[in-house]
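Take a look at the letters that make up each chain.
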Amino acid sequence: MTIDDAAIERLVTEARDGDSWAFGMIFDHYHDSIYRFIASRVQRPSDAEDLTQHVFVKALEALPRYESRGVPFGGWLFRLARNAVIDHVRTRHEHAELDSLLEAAHGDAGPDEIAVVRQELDAVGAALAGLTDEQKEAISLRFFAGLSAREAAEAMGKQEGTVRGLQFRAIASMRRQLGIDVTTSDQVAEAPGSLPASATQDG
Amino acid sequence: MQATDAGTIELGRRLDAYARARLSPDPQATARTRARVLREARLSFEAARIAVHVAPAIAASSRTMRPRLVMPFLAAAVWLGIAVGSISAAQAGGPLYPTRMWVETAFLPSDPVGRTDAELDRMDARLAEAVSGAARDDRMAVSAALDAYFQIADDAILGSSGDPDLEARVAKALNQHQDVLALVAARLADKNNSTASDAIERNIERAIEHNAAVILNIGNHEDSSGGAGSTGGGSGGGGGAADNPAASADPTHSTPTDKPDKSQKPAPSQPDRSPRGPSD
């Protein structure tokens, strides 16, 4: 489902006026990306499910205080998600260390995993685990959640250029870790904000 | 300038495969979450609609000389609205819980003795909710119930200050609650099998510390009044904290002069439920 920013703002206004259908549309639009972002930051799928629900309930409570002021709603919502993850990690002393990531990865193989090489997925998980927290966050927001650089910057409370820089360094690091051709890294350096596939929706 | 190169595209493909295989939500879980969130949304919107109707009536009733006649009808209206399909939402940790606390506060008796009685009952109820939440490993419920408990305890202390009998009753209740909380904390420590339990245990320990500090403060206050049976009417009564802005900002260091204006409680108190969003 694709909804443009103007439509999102309309839905937000309607939800603030007490329209639960509009809030349902907002949920449908953002649920999967919020879940993916959270799942990439916590260890257990059950935690990701609980936190995702928590984020939407928080959003519901905070909606009357939301003011657009040029801030994309997605960025605002992901900021709630980011805070929820930070609180969760702090409360549970959870650190996504390499071993636990791999353990979690081996724990529940989905049907998709049969089609792809599990080793490759583990390697990606290990490469992600090797990133700094901020780099990981930038990759999660930009790639897994599909946010624009502006939305990711809003969610992280940083400048857009900073997020692009984090993303650039994360990509370079992961490519090194995964042994993906690095001879053309100069081309990447020219366009640090670029990402393939779902993360290329910058304005 | 080439935006992406083959290596970056390859990395994108692998990240995409990783996201699909390991970060995709289970459709059943999504449906479950959606149902819960939308239920909360409907209840929350309904509560807001009720509050919009009730708040002006409460304000109007406070301006008349017959508030006690109006209050039961308002209470009934609010509870009728909230009760329809919203029992769980008004439970500790639910979105209507702050509204419920506010409604309870709005309908407290105005005389000090009756008010203290009611506050003690409310503290018992919050404690029961916290214990029940702890039994379920529901840290949201425990946290919400204990936050409400702190608020009510602070109000009860303020309301009873200056009256040694009332202060003693509040201190006794806090003491008993402390024992119950210590028991629950000990059980959780024995359990020691979930991080939720750890979080709940920390919350309960916070409550125990809170009660200990308050009891100590009440004891100090009684000592400083020299057991003279002060009614708080004397201009010099209370002493200490009134001269110290830092102390009077702390509810555990309250004096009769700190007594809040109860009429200034028109909105639900939700300090701990505010997310740290961009609007904050």
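Since the structure is predicted, the reported quantities are computational estimates derived from the model, not experimental observations. (Residues numbered from 1 in each chain as written. Chains lettered and ligands numbered in written order. Predicted model: local features only at pLDDT ≥ 70, side-chain atom pairs only at ≥ 80, totals over all residues.)

Would you mind showing me how to read the overall build of chain A here?
Per the secondary structure count, chain A includes 11 helices and zero strands. Listed N to C, the secondary structure of chain A is α-α-α-α-α-α-α-α-α-α-α in terms of helices and strands. Counting over 203 residues, chain A shows a buried share of 43%. Partitioning the contacts of chain A with sequence separation of at least 6, the portion at a separation of at least 24 is 66%. (Helix = DSSP H or I, 4+ residues; strand = E, 2+ residues; numbered from the N terminus. Buried ≥ 20, exposed ≤ 12 C-beta atoms within 10 Å, placed from the backbone. Contact = placed C-beta atoms within 7 Å.)

I tried to follow the overall build of chain B on my own but got confused; where do I start?
The helix and strand inventory of chain B stands at nine helices and zero strands. For chain B, the residues scored as buried account for 35% of the 280 residues in total. By sequence separation, contacts in chain B at least 24 residues apart represent 65% of the contacts at least 6 residues apart.

Is there a simple way to explain helix α8 (residues 133–144) of chain A in this structure?
The buried fraction of α8 of chain A amounts to nine of the 12 residues, a majority that puts the element mostly inside the structure. Among all positions of α8 of chain A, only Gln 135, Glu 137, Ala 138, Ile 139, Ser 140, Leu 141, Arg 142, Phe 143 and Phe 144 of chain A are buried.

Honestly, helix α2 (residues 20–39) of chain A in this entry has me stumped. Any pointers?
Since one α-helical turn is 3.6 residues long, residues separated by three or four positions face the same way. Along α2 of chain A, the helix axis deviates most sharply at Tyr 30 of chain A, where the bend reaches about 45 degrees. Every buried residue of α2 of chain A is accounted for by Ser 20, Phe 23, Met 25, Ile 26, Phe 27, Tyr 30, Ile 34, Tyr 35, Arg 36, Phe 37, Ile 38 and Ala 39 of chain A. (Bend = angle between axes of the 7 residues up to and from the residue.)

Even after reading the chapter, I still don't get the nonpolar core, so can you show me in this structure?
Most often, soluble globular proteins keep nonpolar side chains buried together rather than apart. All names here are of chain A. Core analysis: the biggest nonpolar cluster contains 64 residues, and Ile 38, Leu 77, Ala 81, Leu 141 and Ala 152 have the highest contact counts within it. Per-element tally for this core: the top contributor is α2, with 10 residues. Not counting residues up to four positions away in its chain, the partners in contact with Leu 141 are Phe 37, Phe 78, Leu 147, Ala 152, Ala 155 and Met 156. (Core = buried A, V, L, I, M, F, W, Y, C linked by C-beta atoms within 7 Å.)

Would you explain the packing of helix α7 (residues 118–129) of chain A against helix α10 (residues 160–178) of chain A in this entry?
Helix-helix packing is described using two parameters, namely the angle between the two axes and the distance between the axes. Residues and elements named next belong to chain A. Between α7 and α10, whose axes approach to 9 Å, the crossing angle comes to 135 degrees. On the basis of their axis angle, the class for α7 and α10 is oblique. The chirality of how α7 crosses α10 is right-handed. Residues Ala 123, Val 124 and Ala 127 of α7 form the contact with α10, whose own contacting residues are Met 174, Gln 177 and Leu 178. Its residues assigned to classes, the contact of α7 with α10 shows five nonpolar, one polar and no charged. (Axes fitted to C-alpha atoms, helices over the stretch in contact; angles between N-to-C directions. Parallel < 35°, antiparallel > 145°, perpendicular 65-115°, else oblique. Left-handed = near helix turned anticlockwise from the far one by under 90°. Nonpolar A, V, L, I, M, F, W, Y, C, P; charged D, E, K, R; others polar.)

Is there a simple way to think about the packing of helix α1 (residues 5–16) of chain A against α2 of chain A in this case?
Residues and elements named next belong to chain A. At a minimum axis separation of 7 Å, α1 and α2 run at an interaxial angle of 135 degrees. Our classification of the angle between α1 and α2 gives oblique. When the axes of α1 and α2 are compared, the crossing they make is left-handed. Contact residues: Leu 11, Val 12, Glu 14 and Ala 15 in α1; Ala 22, Phe 23, Met 25 and Ile 26 in α2. Classifying every residue of the contact of α1 with α2 gives seven nonpolar, no polar and one charged.

Explain the confidence of the model for chain B to me, please; I cannot follow it from the model alone.
Low pLDDT marks regions whose predicted coordinates should not be analysed in detail. All names here are of chain B. Chain-level statistics for chain B give a pLDDT mean of 65 and a share of 54% at 70 or above. A low-confidence stretch, residues 61–70 stays under pLDDT 50, and its non-local contacts, those more than four residues away or across chains, total five contacts. Low pLDDT (under 50) marks residues 226–280, which in the prediction has 81 contacts with non-local residues, meaning those over four places away or in another chain. Across the assembled chains, the prediction reports ipTM 0.76 with pTM 0.49. (pLDDT = per-residue confidence, 0-100.)

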